[in-house]
Amino acid sequence: MIPQRLFGRTGHSSTVTLFGAAAIGRVSQADADRTVELLLDYGVNHIDTAASYGDAELLLGPWLEKYRDRFFLATKTNERDYAGAKAQIRSSLERMRVDQIDLIQFHNLGHPDEWDMAMGENGALEAAKEARDEGLVKHIGVTGHGLKIAAFHYRSLQAFDFDSILLPWNIQLKQNSQYATDFERVVGLARERGLAVQAIKSLVRGPWGTTPKNRTTWYQPLEEQADIDRAIHWMLAQGDLFLNTAGDIKLLPKVLDAASRFKGEGPSDEEMLAMVAEQSMTPLFA
């Protein structure tokens, strides 16, 4: 079974690995069923999906209809205006066959114009707060990608008291001095406030190059169990970060296996950098 820790100030004890449902966005219901069964086998109790993850919300619906109490349920809206976000939140509820979402997140909020719209008058934030007041959602978070997102999240936390943030973190990013500084600053603020911090892109080997794309991840992932173990254990040893699983159902068993064997300690940065050299790992974001 996979260890649990409090998911920020939500009061929910989530497994340290959260299921990234992008992995089932373009699979059959049968594959989705087998994936959810695997989550249940490992005790994973937190699902992170999005309205834009293909059919993921629809494929989760039959399971959530029966096992809603088994999962902390998070989804995302990529709409920036009030009307669009309001409609999408309600659509997500219908697609997943649930009455309430535990966490609604603004999906990849990292562009100045989109940020101004979402956070301003008649923006998505107003729709999210309204949904929270109506009991349709419990908590509100913000997510993002790229080298600027840590700084954007810091800006977002100045403007609104979000309950969670989601952003990339891995050993390659830690070598980028500006991103590492921004990451530590926003994570420090999140810790002060008791917010949940979710990390993505833990298994990045690098961008896809000439290697045939045999995975549904949009980056080339680590694939050997020993390498996955190191990456997962390094991330989980950060103390209070949550790890979102990679977007490929064939990698999921290896990730969950690694997480289930986590004993509180991970490899050192020096050991990770040795793996970077050995595997010719490169940064995903430039």
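Residues numbered from 1 in each chain as written. Predicted model: local features only at pLDDT ≥ 70, side-chain atom pairs only at ≥ 80, totals over all residues. Heavy atoms only, no water.

Q: How should the pairing of strand β3 (residues 17-20) be read in this particular structure?
A: Successive side chains on a regular strand alternate, one facing one side of the sheet and the next facing the other. Burial along β3 is two-sided: the face carrying Thr17 and Phe19 and the face carrying Leu18 and Gly20 are both buried. When β3 meets strand β12 (residues 241-244), the two strands line up parallel, connected through 2 bridges. By the bridge assignment, threonine 17 is partnered in β12 with leucine 243. Strand direction decides the pairing type here: β3 and strand β4 (residues 46-48), joined by 2 bridges, are parallel. (Buried < 20%, exposed > 50% of the residue type's maximum accessible area, 1.4 Å probe, protein only. Helix = DSSP H or I, 4+ residues; strand = E, 2+ residues; numbered from the N terminus. Pairing = 2+ DSSP bridges.)

Q: Whenever I open this one, the side chain of arginine 80 confuses me. Can you help?
A: Relative to the helices and strands, arginine 80 is located in the loop between β5 (72-77) and α3 (82-96). Within polar-contact distance, the side chain of arginine 80 engages the backbone oxygen of histidine 107 at 2.7 Å. Those residues in contact with arginine 80 that lie beyond four places of it in its chain are Phe106, His107, Asn108, Leu109, Glu114, Met117, Ala118, Gly123 and Ala124. (Polar contact = N/O pair within 3.5 Å; in protein donor to acceptor, adjacent residues only side chain to side chain. Contact = heavy atoms within 4.5 Å.)

Q: Please explain the sheet that holds strand β8 (residues 164-168) as it appears in this structure.
A: Each strand in a sheet pairs with another by means of backbone hydrogen bonds, the pair being arranged parallel or else antiparallel. Strand order in this closed barrel of 8 strands is β3-β4-β5-β6-β7-β8-β9-β12, and the pairing throughout is parallel. Each adjacent strand pair in this sheet contributes to an overall mean axis angle of 30 degrees, direction not counted. Sheet analysis places β5 next to strand β6 (residues 101-106), joined by 4 bridges and oriented parallel. Within β6, the position partnered with threonine 75 by the bridge is isoleucine 104. (Axes fitted to C-alpha atoms, helices over the stretch in contact; angles between N-to-C directions.)

Q: For this particular structure, what's the right way to read the nonpolar core?
A: If you look at soluble globular proteins, the nonpolar side chains tend to sit buried side by side. Ranked by internal contacts, the top residues of the largest apolar core, which has 91 residues, are Phe19, Ile24, Phe106, Leu167, Trp169 and Ile232. With 7 residues, helix α8 (residues 177-193) is the single largest residue contributor to this core. Not counting residues within four places of it along the chain, the set of residues in contact with leucine 167 comprises Gly144, Ile149, Ala150, His153, Tyr179, Phe183, Val186, Val197, Gln198, Ala199 and Ile200. Counting residues in hydrophobic clusters, the runner-up holds 7 residues, among them Phe7, Leu103, Ala196 and Phe242. (Core = buried A, V, L, I, M, F, W, Y, C linked by side-chain atoms within 4.5 Å.)

Q: Explain the packing of α3 against helix α5 (residues 124-133) here, please?
A: Helix packing for two helices is described by the angle between their axes and how far apart those axes are. Where α3 contacts α5, the axes come no closer than 7 Å and their chain directions differ by 40 degrees. With respect to α5, the axis of α3 lies oblique. The way α3 lies across α5 gives a crossing that is right-handed. Contacts between α3 and α5 pair Tyr82, Ala85, Lys86, Ile89 and Arg90 from the former with Ala124, Glu126, Ala127, Ala128, Glu130 and Ala131 from the latter. (Parallel < 35°, antiparallel > 145°, perpendicular 65-115°, else oblique. Left-handed = near helix turned anticlockwise from the far one by under 90°.)

Q: I would appreciate a short explanation of helix α11 (residues 269-278) in the present structure.
A: Along an α-helix, residues three or four apart share an orientation, since each turn contains 3.6 residues. Among the residues of α11, Met272, Met275 and Val276 are the ones counted as buried. Along the axis of α11, the buried residues cluster in a sector spanning 105 degrees; they form a single face. Exposed positions of α11 whose direction lies more than 90 degrees from the buried face are Glu270, Ala277 and Glu278. Looking at the buried side of α11, the elements it contacts are α7 (171-174) and α9 (225-236). (Arc of directions from axis to C-beta.)

Q: How do you make sense of α3 when you look at a structure like this?
A: The terminal C-alpha atoms of α3 lie 21 Å apart, and with 15 residues this matches the ideal 21 Å at 1.5 Å per residue to within 8%. Burial in α3 covers these residues: Gly84, Ala85, Gln88, Ile89, Ser92, Leu93 and Met96. The inward-facing, buried residues of α3 abut α2 (56-67), β5, β6, α5 and β7 (137-143). Two or three places before alanine 83, at the start of α3, stands the capping residue aspartate 81, its side-chain oxygen 3.4 Å from that residue's backbone nitrogen. Of the residues trailing α3, arginine 97 is marked for its positive phi of about 60 degrees. (Expected span 1.5 Å × (residues − 1).)

Q: Help me understand the pairing of β5, please; the structure alone is not making it clear to me.
A: The element β5 is extensively covered by neighbouring structure, given that 6 of its 6 residues are classed as buried. Two elements, β4 and β5, share 3 bridges in a ladder whose sense is parallel. Paired with histidine 46 across the bridge in β5 is phenylalanine 72. Running through α2, the crossover from β4 to the neighbouring parallel element β5 is right-handed. Note that the unit made of β5, α3 and β6 has a crossover that is right-handed. (Right-handed = clockwise from strand over helix to strand, strands pointing away.)

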